[in-house]
Amino acid sequence: MSTIFDLRIQVQPNHIDVLGHVNNVVYVQWMQDVAAAHIETLGLGVAQYLELKHAMVAVEHHVQYRKAALQGEEVILRTWLDDINALYSFRQYAFYRPQDQSVLFVGNTKWACIEISTGRPKRMSPSFSQAYQPISSELNPMDFSISYEK
């Protein structure tokens, strides 16, 4: 069973746009960053993708920007898997400011399994389907009083 994963970051000057807050495309990069960090802790990251000759790639993102993040602030990038089938996994994200537990961003990504050499869809191997399991329904990923930092 997979779990919730937190990655703590600090907003850097290069994250800020002309309006003085984190640029919207930075959040999408953070989605990628926290997903990659999470799969590494699950033992099925990029090195294993290359070895197995198939990988998970993003095919669809849905995002919602709720509050601005500003330079110097700490932000927790939280992610978890909430569904999986033979071809797809579905990952959720909630980025929040730990200081006041304000939700800054929520989103989700549909990931597809592909064969690396061809880019064609491929059924997930048992390695993938065992590592990429949805979180328990008993966990509340929006409970920010609990830390899931590794």
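Values in this document were obtained by computation on a predicted structure and should not be read as measured data.

Draft legend 1. Seen up close, the overall build of the protein. Looking only at helices and strands, one finds 3 helices and 5 strands in the protein. When the helices and strands of the protein are listed from N to C terminus, the series reads β-α-α-β-β-β-β-α. The C-alpha atoms of the protein give 16 Å as radius of gyration, which agrees with the globular expectation for 150 residues (15 Å, within 12%). Taking the principal axes of the C-alpha coordinates as reference, the protein spans close to 45 × 35 × 25 Å. Out of the 150 residues in the protein, the part that is buried amounts to 41%. Put simply, 71% of the contacts in the protein that link residues at least 6 apart link residues at least 24 apart. Accessible surface computed for the protein: about 8,000 Å², of which carbon and sulfur atoms make up 51%. Distance between charge centroids for the protein: 6 Å, based on 12 positive and 15 negative side chains.

Draft legend 2. Structural context of the pairing of strand β4 (residues 88–97). In terms of burial, β4 is a largely internal element, 7 of the 10 residues being buried. Inspection of the sheet shows strand β3 (residues 74–84) paired to β4 by 8 bridges, in the antiparallel sense. For W80, the partnering residue across the bridge sits in β4 and is Q92. The loop that links β3 with its antiparallel partner β4 comprises 3 residues. In this structure, β4 lies alongside strand β5 (residues 102–115), joined through 10 bridges in antiparallel fashion.

Draft legend 3. The arrangement of the sheet that holds strand β2 (residues 54–65) in detail. Strands sit in the order β1-β3-β4-β5-β2 across an open sheet of 5 strands; the sheet is antiparallel. Both edges of this open sheet fall to β1 (5–10) and β2, since each of them pairs with a single strand only. Looking at each pair of strands side by side, their axes are set apart by 25° on average, direction ignored. In this sheet, β3 lies alongside β1 in antiparallel orientation, the contact comprising 6 bridges. Across the sheet, R8 pairs through a bridge with I76, a residue of β3. Together, β1, β2, β3, β4 and β5 form the strand contacts of helix α1 (residues 24–41), whose direction differs from that of β4 by roughly 115°.

Draft legend 4. Fine view of α1. In this model α1 runs 27 Å from its N-terminal to its C-terminal C-alpha over 18 residues, within 8% of the 26 Å that 1.5 Å per residue would give. Along its buried surface, α1 packs onto β1, α2 (46–52), β2, β3, β4 and β5. Between the side-chain oxygen of the N-cap and the backbone nitrogen of V25 there are 2.9 Å, and the N-cap of α1 in question is N23. Backbone geometry just after α1 places G43 at a positive phi near 85°.

Parameters and conventions
Residues numbered from 1 in each chain as written. Predicted model: local features only at pLDDT ≥ 70, side-chain atom pairs only at ≥ 80, totals over all residues. Heavy atoms only, no water. Helix = DSSP H or I, 4+ residues; strand = E, 2+ residues; numbered from the N terminus. Rg over C-alpha atoms; globule rule 2.2 N^0.38 Å. Buried < 20%, exposed > 50% of the residue type's maximum accessible area, 1.4 Å probe, protein only. Contact = heavy atoms within 4.5 Å. Areas by Shrake-Rupley, 256 points an atom, 1.4 Å probe, with all protein chains shown as cover. Lys, Arg positive; Asp, Glu negative; His and termini not counted. Charge placed at Lys NZ, Arg CZ, Asp CG, Glu CD. Pairing = 2+ DSSP bridges. Axes fitted to C-alpha atoms, helices over the stretch in contact; angles between N-to-C directions. Expected span 1.5 Å × (residues − 1). Polar contact = N/O pair within 3.5 Å; in protein donor to acceptor, adjacent residues only side chain to side chain.

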